[in-house]
Amino acid sequence: MNQGKVLVVEDDKSVLAVLRGLLEDDGYWVRTVETGQRARAELKENDFDVCLVDINLPDMDGLELLKETKETGSTAPIIIMTARNTMRNAIDAMKHGAFEYITKPFENDEISMQVKRALESRKLVEDFQQLKKEVRKTYEPGNMVGTSPAMQRVYKVIGQVANTDASILIQGESGTGKELVAKTIHYNSPRWNRPFTAVNCAAIPRELLESELFCHEKGSFTGALERRTGKFELAEDGTLFLDEVGDIPLELQTKLLRVLQEREYSRVGGRELLRANARIVAATNQDLERAVREKTFREDLFFRLKVIPIYLPPLRERRGDIPQLVGYFIDKINREMGTRVSGISPDALKLLEDHGWPGNVRELENALIRAAVLSPGAVLFPKDFTFHNSRPGDPPPAVDHLSLEEIIHHKLEDYFQRTKGVDVDNLYSLVIERVERPLIELTLRKTGGNQIRAAEILGINRNTLRKKISELHIVVKKDV
Ligand SMILES: Nc1ncnc2c1ncn2[C@@H]1O[C@H](COP(=O)(O)OP(=O)(O)OP(=O)(O)O)[C@@H](O)[C@H]1O
Ligand SMILES: [Mg+2]
């Protein structure tokens, strides 16, 4: 049986013989060589699963061979063997990507076990690579649906920017496909094999966002019990997707701008300077130009992020894409949910083409999922779609009859859908903060910026109001 191919590089003939015997007994196909030169030739010719390399070779340093092999992109784990057990050697070996470091004399069991572990790890790496290739396929440019002129323009820009490192700002309403575009760019860029890391800036409480992005040193603030890796570090030299970037608080915008300019940052509460190598793709459904005018978003950061802007038009402005999207989603839903929808009636399709789609492509997908799951037959009819039909220009649904609680309830539901309601471990204060800000802003506006009057109306102490204004960075505007 062949458990895998092992290369042993060792100049001591007796050790070589022992290793060969041992590994062959374990069922491996073994090749042994005594010099670095021979090892190079073998590595070129054969695809080894594991290499055992002595650190002291007659013609070269084993670590040199390790470095070289890693540089060729080989994924074969390399185990370094040495008779001299120095810390320096061990550190150097691991630094250069050795899988393990073994000192002689070794126990036979130790060799067997380490080679087995190395093989298992290689298998995991390969499975992971395979998985990444499969993920990449799902983001091939052709997998975005829609041939409207507006989408063609989007595809063209994706093609133009994929191979560059330019920062990208994707703007568009909720559900228009911003994240899909970000991933399509990543998986078609030279960084596709590196991590794609997303941060939803709206879903993370303000006070935690900085450490989420840049990590914090243990004890740098109350509650920072241990060090957690920040997203910039996790993204490595892949792509960092800053989703809902318009929600980044002002003071953090300053730090982010510095990081993007200098490509360097330090952890919260730390001093060491780290490189920020990730490519930045940001997205927002807010009107950032307006936020810049209103001074809630830094203009310099806006321009730094928006080196290449991509605008995703709302679905109602490209209704021609709807039939294709419907076909695409029906196939997808059948595949993923086991439904057996074979078609849609012309009047049902017309209904979908006429709908306003405030939630854009995501809303269309959800409407089709609901219809596919609940419809009794194989064809979808208008009655299978339960949304309230509206066209752009129709008056928004009346809210007069709703109580304040109901309005807030609706807004919260919308917020949960937008942020997917995940990863929030401080939801209470987050929501309070979100309610507090507009309440204070509005009251100040209505009182022409008079803080004494505003505090009275709000029923809070004037100092409390002042503190809130400064904490929330509220800019006082007056109604004219
Ligand atoms: N052109 C398209 N072709 C196929 N699927 C699409 C397209 N656009 C969007 N989708 C799908 O619609 C859903 C919503 O897209 P996505 O999450 O990228 O939107 P978004 O703009 O990031 O939304 P939000 O602002 O709510 O975060 C996803 O399931 C996505 O795969
Ligand atoms: Mg999104």
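Model, not experiment: these values are computed from the prediction.

Draft legend 1. A look at the sheet that holds strand β2 (residues 29-33). Ordered by their spatial adjacency, five strands build an open sheet running β2-β1-β3-β4-β5, and the pairing between neighbours is parallel. Both outer strands of the open sheet, β2 and β5 (100-103), are each paired with one neighbouring strand and no more. Within this sheet the neighbouring strands show an average axis-to-axis angle of 20°, counted without direction. Note that strand β1 (residues 5-9) and strand β3 (residues 50-54) share four bridges and pair parallel. Directly across from Val8, in β3, lies its bridge partner Leu52. Set on the sheet, helix α5 (residues 108-138) makes contact with β1, β3, β4 (78-82) and β5; between it and β5 the angle comes to about 170°.

Draft legend 2. Main features of the sheet that holds strand β6 (residues 168-172). Pairing is parallel in the open sheet, where five strands are placed in the order β7-β8-β11-β6-β12. The open sheet has two free edges, formed respectively by β7 (196-200) and β12 (308-312), since each of these has just one partner strand. Taking the axes of each pair of neighbouring strands and ignoring which way they run, one obtains an average angle of 20° across the sheet. Lying over the sheet, helix α6 (residues 149-161) contacts β6, β11 (279-284) and β12, oriented at roughly 150° with respect to β12.

Draft legend 3. Here's a closer look at the nonpolar core. Ranked by internal contacts, the top residues of the largest apolar core, which has 31 residues, are Phe232 and Leu242. Breaking this core down by element, the ones donating at least two residues are α8 (206-214), α9 (231-235), β8 (239-243), α10 (250-262), β11, α11 (288-293) and α12 (299-305). Residue contributions to this core peak at five residues, all from α10. Those residues within four positions of Phe232 in sequence are excluded, and the remaining contacts are Leu213, Phe214, Leu240, Leu256, Val259, Tyr265, Ala276 and Ile280.

Draft legend 4. Representation of the site of ligand 1 in the model. Around ligand 1 sit 18 residues, and of these Ser174, Gly175, Lys178, Arg362 and Glu365 come closest. Within the contact set of ligand 1, an oxygen atom lies 2.9 Å away from a backbone nitrogen or oxygen of Gly175. The contact in question runs from an oxygen atom of ligand 1 to an N or O atom on the backbone of Gly177, over 3.1 Å. Burial of ligand 1 by the surrounding chains reaches 91%, relative to a free accessible area of 640 Å². Residue assignment for the shell around ligand 1 shows that the elements contributing at least two residues are α7 (178-187), α13 (322-337) and α15 (360-374). Split by residue class, the shell around ligand 1 holds seven nonpolar, five polar and six charged. Lining the shell around ligand 1 are residues from two domains, each supplying at least three of them: domain 2 (164-313) and domain 3 (316-384).

Draft legend 5. Highlighting the packing of aromatic side chains. Under the definition given, this model contains seven aromatic pairs. Arranged with centres 5.5 Å apart and planes meeting at 50°, the rings of Phe214 and Tyr265 form a pair that is tilted. One end of the pair, Phe214, is in helix α8; the other, Tyr265, is in strand β9 (residues 264-266), with 51 residues separating them in the sequence. For the pair Phe214 and Tyr265, one class covers both residues: buried. A connected cluster of aromatic rings, assembled from ring pairs, spans Phe214, Phe232 and Tyr265. The ring of Trp29 carries Lys5 above its face, with NZ or CZ at 5.4 Å from the centroid. Sitting above the plane of the Phe214 ring, Lys255 keeps its charged end 4.5 Å from the centroid.

Cut-off values and rules
- Residues numbered from 1 in each chain as written.
- Chains lettered and ligands numbered in written order.
- Predicted model: local features only at pLDDT ≥ 70, side-chain atom pairs only at ≥ 80, totals over all residues.
- Heavy atoms only, no water.
- Pairing = 2+ DSSP bridges.
- Helix = DSSP H or I, 4+ residues; strand = E, 2+ residues; numbered from the N terminus.
- Axes fitted to C-alpha atoms, helices over the stretch in contact; angles between N-to-C directions.
- Contact = heavy atoms within 4.5 Å.
- Core = buried A, V, L, I, M, F, W, Y, C linked by side-chain atoms within 4.5 Å.
- Buried < 20%, exposed > 50% of the residue type's maximum accessible area, 1.4 Å probe, protein only.
- Near = heavy atom within 4 Å.
- Polar contact = N/O pair within 3.5 Å; in protein donor to acceptor, adjacent residues only side chain to side chain.
- Areas by Shrake-Rupley, 256 points an atom, 1.4 Å probe, with all protein chains shown as cover.
- Nonpolar A, V, L, I, M, F, W, Y, C, P; charged D, E, K, R; others polar.
- Domains from an automatic or database assignment.
- Phe/Tyr/Trp six-rings, centres within 6.5 Å; stacked < 30°, edge-to-face > 60°.
- Lys NZ or Arg CZ within 6 Å of the ring centre and 35° of its normal.

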